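One-letter residues, chain by chain:
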Amino acid sequence: MRVPLSWLREFVDIPVPPRELAERLTAAGIAVDTVTSVGDKIKGVVTARLVDVRPHPNADRLSICSADAGGEVYEVVTAAENVFSGAVVPLALEGTRLADGTVIKKARFRGVSSMGMLCSEVELGLEDRSPGIMILPPDTPPGEDIAVLLGFPDTVFEFDLTPNRGDCLSILGIAREVAVLYGLQLKYPPVLQSNGGEAANYIEVEIRAPELCGRYAARVFQDIKIGQAPIWMQTRLRVAGMRPINNLVDVTNYVMLELGQPLHAFDYATLRGRRIVIRRASPGERLVTLDGVTREFNGGDLLIADAERAVAIAGVMGGLETEVTPGTATVLLESANFDPLSIRRTSRKLGLRSEASLRFEKGVDIEGSVQAADRMARLVADTGMGRVVPGVVDSYPVRPEQKTVVVRPARLDSVIGASVPGDEAVKWLKALGFGIRENEEHLVVSVPTFRPDVNIEEDIVEEVARLYGYDRIPATQTYGEATPGRRPALEAFVRQVNRLLTGLGLTEVITYSFINPTSFDLLRLPQDDPLRRVVALRNPISEEQSVLRTTLLPGMLEVVCRNVSRRVTDIAVYEAGRVFNPRGDSELPGEALKLGMAVAGKEPRGWEGPPREMDFYFLKGIVEALLSRLGIEDSVFAPLQTHPSLHPMRAARVLAGEKELGSIGQLHPEIKASLDLPNEVIVGEFDITRLIAVRKAAAFRDLVRFPGVLRDIAVVVPEEVPAAELVDNVKAAGGELLRDLKLFDVYKGAKLPEGTRSIAFSLLFQAEDRTLTDAEAATYVEAIIVRLKEKFGAVLRG
């Protein structure tokens, strides 16, 4: 919300400098984001009438204009296409300073001297861009100082309002706050009261959906002359952030900014049956809106109709057939009050957001409808735009009950934390428009209709507190019984996982819970795969984020692709996040906490050697280290050949006993190719709830005082024998004295029989009560070799 200081001063006599006012408003909860000066640098720009416009003899896209600046004619070269003979425009002559500080000098363009520059709204600091030269109203006299004509210099406040303060989306609302803060009198703009009832002969209003339209007021204007609005009005609209269109549209926007009540004008001649009907849309009903788009409704949306068909979407956008055109002679003005939820639902569904719908969504004062129509009538009469038909047609089916809130003075002081004088609080509330009825125990506060955000006692307390001044509330020592806090077990476990994976060299990422349904096609999931059963969003941000994820893989792959597109090919990331599974139409979806990982490329280069490839075994080692540090023992990696997203020969299920914890594997070649990834990507996904279920509490044992015996063995086995099974059998044959086992070498080559490989183990034997002899260690080694030979046909490699 942008508010020019000059406009604000018409409502209240401001006694302080702009920046001091901004600080006071911000302290009172009406946050001022920026304070900027407009037109303070403009010097010497004047109005000029173009008496002649002719083509440049040496340039196809340039024109030579003869500009009369009030007695003297200047030749100016311009590239603007909207200039014409008789137009009144801003002219910057030599030595003139523009809004950005630029000083104009004489120049030559293709052999023709230019004595100055014709200015657009950009050069005057009114807008960021402009289609051409600024065309002033034709009755503007030449030779006038443009800064004086536009009311410059001026100051503009840009407000960052909280969502509940819809009443401050107007000059009147801001002025009311200023008046209360400084104890000033609030002045209201002049209106043209609706005397007589002639307007009722032009139109009849029927509200068929009173729950969605609380009030509908209509006024009629005749002999309308469409043209430019007065320059002062155009300037105020531009400074407030709105582009002028024509005098009729500009006046409706002016009143909306001034009073906060959106208005809409219909070409009266296009309305059928002299009737306005406010009703819900029928299923399949269509309307072509002002932007030329045909809108179809599925029923429930609020429409404005005449006797035969819909003519506007209530509070959102008008219809093309009833649009005001240069040929319009009679106008019907709408000033209505619509249900905020209905307008928000319709505008979001249609993707149509405007200044009008924004105000309706936050709540418009139902008692201000006629006042806004009367203000419009006054401006129509004052600007000579047309004739005002006496009277107003005001359909007001059910007046809302007066909302009251009971306030206890003791509660007021208790919540604020300071003793606020009762007479001061009453004075502030009355100035804000609240009605007060006092008795010995409490205040009965009547809430004005322009404050729909005030509903309970604490809302009144907030009003008093912000006007009292938050800076005046004394700081007090907190008191109460302190209790030690403790993280929930699940949260503590996830934090432990985060620390461990970060320590292992992975970076945490957080991806959206919303994904594209086509992600499942990318992952090669069959149509009947359970992961395709998703929760669809009713109002998605976009089609790319229209369903809740059932797996973390789409988000992980998106992170990989985004990094690769920025030439970051060495990637090691993880995410702990929730996935969602539908339960039923009336139930909330089930949520499961998952852990996802993805690595690609090489490890960061270190001093100790060349970087390692982050392949399947790299991620397998990460997972093994994580499980070990989490207290999950005896984990097993079993072959996985059926996962549609993973390479059939480079994937594994991760088990703890009979429980499957998750899986890891190399991304399927088809997926890698479709994503155009330069390196192999290894991914993993685990169920965090299952990880918690199988972890064991840390167990401690005494350090062994006696030395151990270290032995290395290498056995030749068939290639198809999994190393994990060899490890299990070595442990079983080694007994309790086998304290540690490491697989340190795998060899395949010409020296071995075809179809075999050599696997080498390092074995540590250690007893707690004595020093083992070489003979004892040899006995256990022999037992291990015998078992491996019997189970797998292993041969000890010499």
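Below, the structure is looked at part by part. The residue numbers shown here count from 1 along each chain, following its written sequence. At least 70 in pLDDT is required for a residue's local features to be given in this predicted model, at least 80 for side-chain atom pairs to be given and counted, and no such filter applies to totals for whole chains, interfaces and linings, which use all residues. Excluding hydrogens and water, the side-chain values take into account all heavy atoms of the structure.

## Points about the overall build of the protein
And then number 1: A tally of helices and strands in the protein yields 20 helices and 38 strands.
And then number 2: Our radius of gyration is a C-alpha quantity, and the globule rule it is checked against amounts to 2.2 Å times the number of residues to the power 0.38. Radius of gyration (C-alpha) of the protein: 39 Å, far over the 28 Å computed for a compact globule of 798 residues.
And then number 3: Structurally, the protein occupies a C-alpha span of about 120 × 90 × 55 Å along its principal axes.
And then number 4: Contacts are assigned to residue pairs with any non-hydrogen atoms lying within 4.5 Å of each other. Of the contacts made within the protein by residues no fewer than 6 positions apart, 69% connect residues no fewer than 24 positions apart.
And then number 5: Total accessible area on the protein stands at roughly 40600 Å², and carbon and sulfur atoms take up 49% of it.
And then number 6: The charge count treats Lys and Arg as positive and Asp and Glu as negative. His and the chain ends do not count. One atom stands in for each charge, and that atom is NZ of Lys, CZ of Arg, CG of Asp or CD of Glu. In the protein, 94 positive and 109 negative side-chain charges are present, and the distance between their average locations comes to 2 Å. In this text, helices come from DSSP runs of H or I with a minimum length of four residues, and strands from runs of E with a minimum of two, each type numbered from the N-terminal end. Note on areas: Shrake-Rupley with a 1.4 Å probe; residue coverage comes only from the protein chains shown.

## Things to note about helix α20 (residues 774–792)
And then number 1: By definition here, a helix of n residues has an expected span of 1.5 Å times n minus one. Taking 1.5 Å of rise per residue, 19 residues should cover 27 Å, and α20 covers 27 Å from first to last C-alpha, within 8% of that figure.
And then number 2: Each residue's exposure class comes from its accessible area (1.4 Å probe, protein chains only) as a fraction of the maximum for that residue type: buried when under 20%, exposed when over 50%, partly exposed otherwise. Restricting attention to buried positions, one finds in α20 the residues Ala 777, Val 781, Ile 784, Ile 785, Leu 788 and Phe 792. Buried residues of α20, seen end-on, are gathered within an arc of 95 degrees and therefore sit on one face of the element. In α20, the exposed positions angled more than 90 degrees off the buried face are occupied by Ala 775, Thr 779, Lys 789 and Glu 790.
And then number 3: Residues of α20 that are buried in the fold lie against β35 (709–718), α19 (723–734), β37 (756–765) and β38 (795–796).
And then number 4: In the segment just after α20, Gly 793 is the residue with positive phi, at about 70 degrees. The arc in question is the one traced by the directions running from the helix axis out to the C-beta atoms.

## Concerning the sheet that holds strand β14 (residues 275–280)
And then number 1: Ordered in space as β11-β14-β17-β18-β19, the 5 strands form an open sheet in which the pairing is mixed. Of all the strands in the sheet, the pair left with one neighbour each is β11 (204–207) and β19 (317–318).
And then number 2: Here a strand pair is declared whenever DSSP counts at least two bridges between the two strands. Across 4 bridges, the pairing between β11 and β14 is parallel. Following the sheet pairing, Glu 204 is matched in β14 by Arg 275.

## Points about the sheet that holds strand β25 (residues 443–446)
And then number 1: Strands sit in the order β23-β25-β24 across an open sheet of 3 strands; the sheet is antiparallel. Looking at which strands have only one partner, the edges of the open sheet turn out to be β23 (404–407) and β24 (435–438). Pairs of neighbouring strands in the sheet enclose a mean axial angle of 20 degrees, with direction left out of account.
And then number 2: Direction of pairing for β23 relative to β25: antiparallel, over a ladder of 4 bridges. Its bridge partner lying in β25, Val 405 is registered against Val 445. Inter-axis angles, ranging from 0 to 180 degrees, are taken between N-to-C directions of lines fitted to C-alpha atoms, where helices are fitted over the stretch in contact.

## Observations concerning the packing of aromatic side chains
And then number 1: Working definition: a ring pair exists when centres of Phe, Tyr or Trp rings (six-membered ring for Trp) sit within 6.5 Å. Plane angles under 30 degrees give stacked, over 60 give edge-to-face, the rest tilted. Under the definition given, this model contains 7 aromatic pairs.
And then number 2: Judged by centre distance (6.3 Å) and plane angle (40 degrees), the ring pair of Phe 157 and Phe 159 falls under tilted. For the pair formed by Phe 157 and Phe 159, the shared burial category is buried.
And then number 3: For the ring pair Tyr 202 and Tyr 268, a centre distance of 5.8 Å and an interplane angle of 65 degrees mean the geometry is edge-to-face. Taken together, the residues Tyr 202 in the loop between α4 (171–182) and β11 and Tyr 268 in the loop between β13 (264–267) and β14 connect sequence positions 66 residues apart.

## A few points about the environment of Asp 394
And then number 1: Relative to the assigned elements, Asp 394 resides in strand β22 (residues 393–395).
And then number 2: Separated by 91 residues in sequence, Asp 394 and Leu 303 have C-alpha atoms that sit 18 Å apart.
And then number 3: Setting aside its immediate chain neighbours within four residues, Asp 394 contacts Arg 215, Tyr 216, Ala 217 and Val 370.
And then number 4: Under the rule applied, a polar contact is a pair of N or O atoms within 3.5 Å (in protein, one hydrogen donor and one hydrogen acceptor; residues adjacent in sequence only if both atoms are side-chain atoms). Engagement of the side chain of Asp 394 in a polar contact is seen with the side chain of Arg 215, the distance being 2.6 Å.

## What to know about the pattern of salt bridges
And then number 1: Any carboxyl oxygen of Asp or Glu within 4 Å of a side-chain nitrogen of Lys or Arg constitutes a salt bridge here. Within the structure shown, the criterion is met by 55 salt bridges.
And then number 2: Of the charged contacts in the structure, one is a salt bridge between Arg 236 and Glu 10, with a shortest N-O distance of 2.5 Å. Highlighted residues: Arg 236 in helix α5 (residues 231–239) and Glu 10 in the loop between α1 (5–8) and α2 (18–27), separated in sequence by 226 residues.
And then number 3: Residue classification places Arg 236 among the buried positions, given a relative accessible area of 13%.
And then number 4: Note that Asp 769 is salt-bridged to Arg 770, the shortest N-O span being 3.2 Å.
And then number 5: The class for Asp 769 is exposed, based on a relative accessible area of 56%.
And then number 6: Through salt bridges with shared partners, one network takes in Arg 165, Asp 167, Glu 177, Arg 451, Asp 453, Glu 463 and Arg 466.

## Focus: the pairing of strand β32 (residues 646–656)
And then number 1: With 5 bridges joining them, strand β31 (residues 635–639) and β32 adopt antiparallel strand pairing. Bridge pairing links Ser 635 to Ala 656 in β32.
And then number 2: Here β31 folds back onto β32, and the loop between the two strands holds 6 residues.
And then number 3: Bridge count between β32 and strand β33 (residues 659–667): 7 bridges; the pairing is antiparallel. Following the sheet pairing, Val 654 is matched in β33 by Gly 662.
And then number 4: Between β32 and the antiparallel strand that follows it, β33, lie 2 residues; Gly 657 among them carries a positive phi value of about 70 degrees.

## Let's talk about a nonpolar patch on the surface
And then number 1: Each patch is built from residues that are more than 30% exposed by relative accessible area and take part in no salt bridge. Like charges join if they lie within 9 Å; nonpolar side chains (Val, Leu, Ile, Met, Phe, Trp, Tyr) join within 5 Å. Together, Val 288, Leu 290 and Leu 320 make up an exposed nonpolar region whose accessible area comes to about 200 Å².
And then number 2: Overall, the relative accessible area of 35% leaves Leu 290 in the partly exposed class.

## Describing the pairing of strand β12 (residues 213–222)
And then number 1: Burial analysis of β12 places 10 of its 10 residues in the buried class, which makes it a mostly covered element.
And then number 2: Bridge count for β12 against strand β20 (residues 331–338) is 8 bridges, and the pairing is antiparallel. Pairing of Ala 217 across the sheet is with Ser 335, part of β20.
And then number 3: With 3 bridges connecting them, β12 and β22 associate as antiparallel partners. Looking at β22, one finds that Ala 217 is bridged to Asp 394.

## A closer look at helix α7 (residues 340–350)
And then number 1: Of the residues making up α7, those classed as buried are Ser 342, Ile 343, Thr 346, Ser 347 and Leu 350. The buried residues of α7 occupy an angular sector of 120 degrees when the element is viewed end-on, so they sit on one face. Exposed residues lying more than 90 degrees from the buried face of α7 are Leu 341, Arg 345 and Arg 348.
And then number 2: Residues of α7 that are buried sit in contact with β16 (294–296), β17 (302–305), β18 (310–313), β20 and α8 (355–362).
And then number 3: Of the residues flanking the end of α7, it is Gly 351, one or two places downstream, whose phi is positive at about 70 degrees.

## Quick word on the packing of α7 against α8
And then number 1: Between α7 and α8, the shortest axis-to-axis distance is 7 Å and the interhelical angle comes to 140 degrees. Viewed along their axes, α7 and α8 adopt a mutual orientation that is oblique. You can see that α7 and α8 cross each other, and the crossing is left-handed. For the pair α7 and α8, contact is made by Pro 340, Ile 343, Arg 344 and Ser 347 and by Ser 357, Phe 360 and Glu 361, respectively.
And then number 2: Just so you know the grouping, Ala, Val, Leu, Ile, Met, Phe, Trp, Tyr, Cys and Pro go in nonpolar, Asp, Glu, Lys and Arg go in charged, and all remaining residues, Gly too, go in polar. In terms of residue class, the contact of α7 with α8 is built from 3 nonpolar, 2 polar and 2 charged. When an angle is under 35 degrees it counts as roughly parallel; over 145 it counts as roughly antiparallel; between 65 and 115 it counts as roughly perpendicular; any other value is oblique. Take the far helix as the reference: if the near one is turned anticlockwise from it by less than a right angle, the crossing is left-handed, and if turned clockwise, right-handed.

## Some points on the environment of Ala 794
And then number 1: Along the chain, the position of Ala 794 falls in the loop between α20 and β38.
And then number 2: Judged by relative accessible area, Ala 794 falls into the buried class, the value being 6%.
And then number 3: Other than its neighbours up to four places away in sequence, Ala 794 contacts Val 715, Val 716, Val 717, Leu 788 and Lys 789.

## Overview of the nonpolar core
And then number 1: Within the largest apolar cluster, 81 residues are counted, with the highest numbers of intra-cluster contacts made by Leu 8, Leu 21, Phe 159, Val 178, Phe 221 and Met 376.
And then number 2: The element best represented in this core is α4, accounting for 9 residues.
And then number 3: Excluding its chain neighbours within four sequence positions, the residues that come into contact with Phe 159 are Met 1, Val 3, Leu 25, Ile 30, Ala 31, Val 32, Asp 33 and Ile 174. Side-chain atoms within 4.5 Å are what join buried Ala, Val, Leu, Ile, Met, Phe, Trp, Tyr and Cys residues into a set we call a nonpolar core.

## Focus on the side chain of Asn 498
And then number 1: Topologically, Asn 498 is positioned in helix α13 (residues 489–503).
And then number 2: Owing to a relative accessible area of 18%, Asn 498 belongs among the buried residues under this scheme.
And then number 3: For Asn 498, the residues in contact, after removing those within four places along its chain, are Glu 508, Tyr 574 and Ala 576.

Bear in mind that shape data such as this cannot, by itself, settle questions of function.
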